[in-house]
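Overview (structure and organization)
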Amino acid sequence: MVISSLRLPTEGLSTEFIPNPMSVQNYHIVFNEKNNFLTAIGNSIFISTVTTLLTLLFGIVAAYALARLRFAGKAMVLAIIIGCSMFPAITILVPLLKMFTGTYSWMPIDWMNHYQAAIIPSLSFGLPLCVWNLTAFFRQLPVELEQAAMVDGCTPTTAFRKIILPLAAPGIFTTVILTFIAVWNEYMFAMTFLPGKEKMTAPVSLAGFTGDSAFNIPYGAIMAAGVVVTVPLLAMVLVFQRRIVAGLTAGGVK
């Protein structure tokens with residue numbers, strides 16, 4: 001992808017391994033104002049960040065309750081949560097489309113071309129991952145840590161905030177990174193619910209790149225845009241890879 005992005009725009013189908021000559025014209029094309037790509041990247045950053053924060057807000061509370069509280073049917077609740085993430089996203093696309101266009105009289109909302117139309121459905125992936133991952137983390141933390149903190153004067157909320165959350169940092173980092181990447185790469189919801197050019201996300205914008213005519217596919221510009229949207233994710237994963245591994249293996253050994 002990087003090699004193809006460094007070719008001349010007219011040599012998109014070249015098979016030479018080393019571009020000759022090398023050129024950054026494709027990157028100039030990507031950031032041309034007519035492509036609106038910078039706005040699309042900003043939209044992706046906003047949607048991914050908000051979705052990740054909401055996932056943490058609700059997921060941490062649910063995971064802690066499932067790990068610490070005793071109540072009937074807790075195993076069934078966990079099974080339902082993880083089961084929800086197994087349904088293909090396409091199965092909820094049509095009901096959501098009808099809901100967001102106000103087709104259902106019992107829910108007259110109009111969310112088409114609004115950020116929440118892409119954020120709320122994306123929680124269907126992030127929340128099950130967060131709850132399942134962090135429940136295992138909280139379970140392996142001794143409850144005596146919180147009891148000792150409360151003996152020293154902490155309230156349950158303070159003990160959770162100052163003792164449990166820092167210890168659960170690897171699991172939280174794992175959830176943050178995996179959720180952010182999944183939402184960043186999400187295409188179907190963004191394409192359906194955010195049709196306006198001003199709300200378009202980076203994957204949708206990239207798919208809409210066209211050449212001078214309908215038969216001219218700008219391979220070089222598409223590859224350059226792919227590099228732009230992929231490199232930040234690669235950098236983030238490389239920086240936090242140890243925390244990701246720690247988070248994914250938590251609770252695997254007693």
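All values reported here derive from a predicted model rather than from experimental measurement.

This next bit is on unusual backbone geometry. Here asparagine 20 and proline 21 are connected by a cis peptide whose omega angle stands at 0°. Summarising the element assignment, proline 21 is placed in the loop between helix H1 (2-5) and helix H2 (25-30). In this structure, asparagine 36 is a non-glycine residue whose phi angle is positive, near 55°. Examined against the element boundaries, asparagine 36 turns out to sit in the loop between H2 and helix H3 (37-68).

As a volume, the second largest pocket reaches approximately 300 Å³. Counting only elements with at least two residues in the lining of the second largest pocket, the list comes to helix H5 (90-100), helix H6 (116-140), helix H9 (169-184) and helix H10 (188-193). The element that contributes the greatest number of residues to the lining of the second largest pocket is H6, accounting for four residues. Per-class residue counts for the lining of the second largest pocket are eleven nonpolar, four polar and one charged.

Moving on, we get to the packing of helix H7 (residues 143-151) against helix H8 (residues 156-167). Look at H7 against H8: their axes get within 9 Å of each other, and the N-to-C directions meet at 135°. Overall, the two elements H7 and H8 adopt an arrangement that is oblique. Where H7 crosses over H8, the handedness of that crossing is right-handed. Across the interface between the two elements, Leu145, Glu146, Ala149 and Met150 of H7 pack against Pro156, Ala159, Ile163, Ile164 and Leu167 of H8.

A few words on the nonpolar core. One recurring pattern in soluble globular proteins is that nonpolar side chains are buried together. Core analysis: the biggest nonpolar cluster contains 17 residues, and Val30, Phe37, Trp184, Phe209, Ala225 and Val229 have the highest contact counts within it. Listed by contribution, the elements that provide at least two residues to this core are H2, H3, H9, helix H11 (202-207) and helix H12 (219-239). Here valine 229 is in contact with Phe37, Trp184, Ala202 and Leu206, once residues within four sequence places are set aside. Residues Tyr64, Phe137, Ile164 and Ile172 belong to the second largest nonpolar core, which totals 14 residues.

In total, this model carries one salt bridge according to the counting rule given. Two residues, arginine 68 and glutamate 146, come together in a salt bridge whose shortest N-O distance is 2.7 Å. Linking arginine 68 in helix H3 with glutamate 146 in helix H7, this pair joins segments that are 78 residues apart in sequence. Taking the relative accessible area as the measure of exposure, arginine 68 reaches 21% and is therefore partly exposed.

Our next topic: helix H4 (residues 74-84). Taken together, the buried positions of H4 are occupied by Lys74, Leu78 and Gly83. Tucked inside the fold, the buried residues of H4 contact H3 and H6.

Taken together, the side chains of Leu13, Ile217 and Tyr219 define a hydrophobic patch exposed on the protein surface, amounting to about 320 Å² of accessible area. A relative accessible area of 37% places tyrosine 219 in the partly exposed class.

Reading the values: the criteria
Every chain begins its residue count from 1, and numbering advances along the sequence as written. Where totals are concerned, whole chains, interfaces and linings use all residues; where local detail is concerned, this predicted model gives features only for residues with pLDDT of at least 70, and gives and counts side-chain atom pairs only at 80 or more. Values reported for side chains reflect all heavy atoms of the structure, with hydrogen atoms and water molecules removed beforehand. Only DSSP runs of H or I reaching four residues or more are called helices, and only runs of E reaching two or more are called strands; each is numbered from the N terminus. Using a 1 Å grid laid over the protein atoms alone, points where a 1.4 Å probe fits but cannot get out form a cavity; open sets with protein on both sides within 12 Å along at least 5 of 7 lines form a pocket; any residue with an atom within 4 Å of a point counts as lining. Grid points are joined across faces, edges and corners, and a volume is the space filled by probe spheres set on the points. We call Asp, Glu, Lys and Arg charged. Ala, Val, Leu, Ile, Met, Phe, Trp, Tyr, Cys and Pro are nonpolar, and the rest, Gly among them, are polar. To get an axis, fit a line to the C-alpha atoms, keeping to the stretch in contact for a helix; angles then go from 0 to 180 degrees between the N-to-C directions. Angles below 35 degrees are treated as roughly parallel, those above 145 as roughly antiparallel, those between 65 and 115 as roughly perpendicular, and all remaining angles as oblique. Crossings are assigned a handedness: left-handed for a near helix turned anticlockwise from the far helix by less than a right angle, right-handed for a clockwise turn. Contacts are assigned to residue pairs that have any heavy atoms within 4.5 Å of one another. In these notes, a set of buried Ala, Val, Leu, Ile, Met, Phe, Trp, Tyr and Cys residues joined through side-chain atoms within 4.5 Å is what counts as a nonpolar core. Only protein chains enter the accessibility calculation, which uses a 1.4 Å probe. A residue is then buried if its area is under 20% of the maximum for its type, exposed if over 50%, and partly exposed in between. Think of a salt bridge as a Lys or Arg side-chain nitrogen and an Asp or Glu carboxyl oxygen that are within 4 Å of each other. For patch detection, residues must exceed 30% relative accessible area and be free of salt bridges, and they are connected within 9 Å for like charges or within 5 Å for nonpolar side chains (Val, Leu, Ile, Met, Phe, Trp, Tyr). To be clear on the numbers: accessible area is Shrake-Rupley with a 1.4 Å probe, and residue cover counts the displayed protein chains and nothing else.

So yeah, pure geometry; function would need other evidence.
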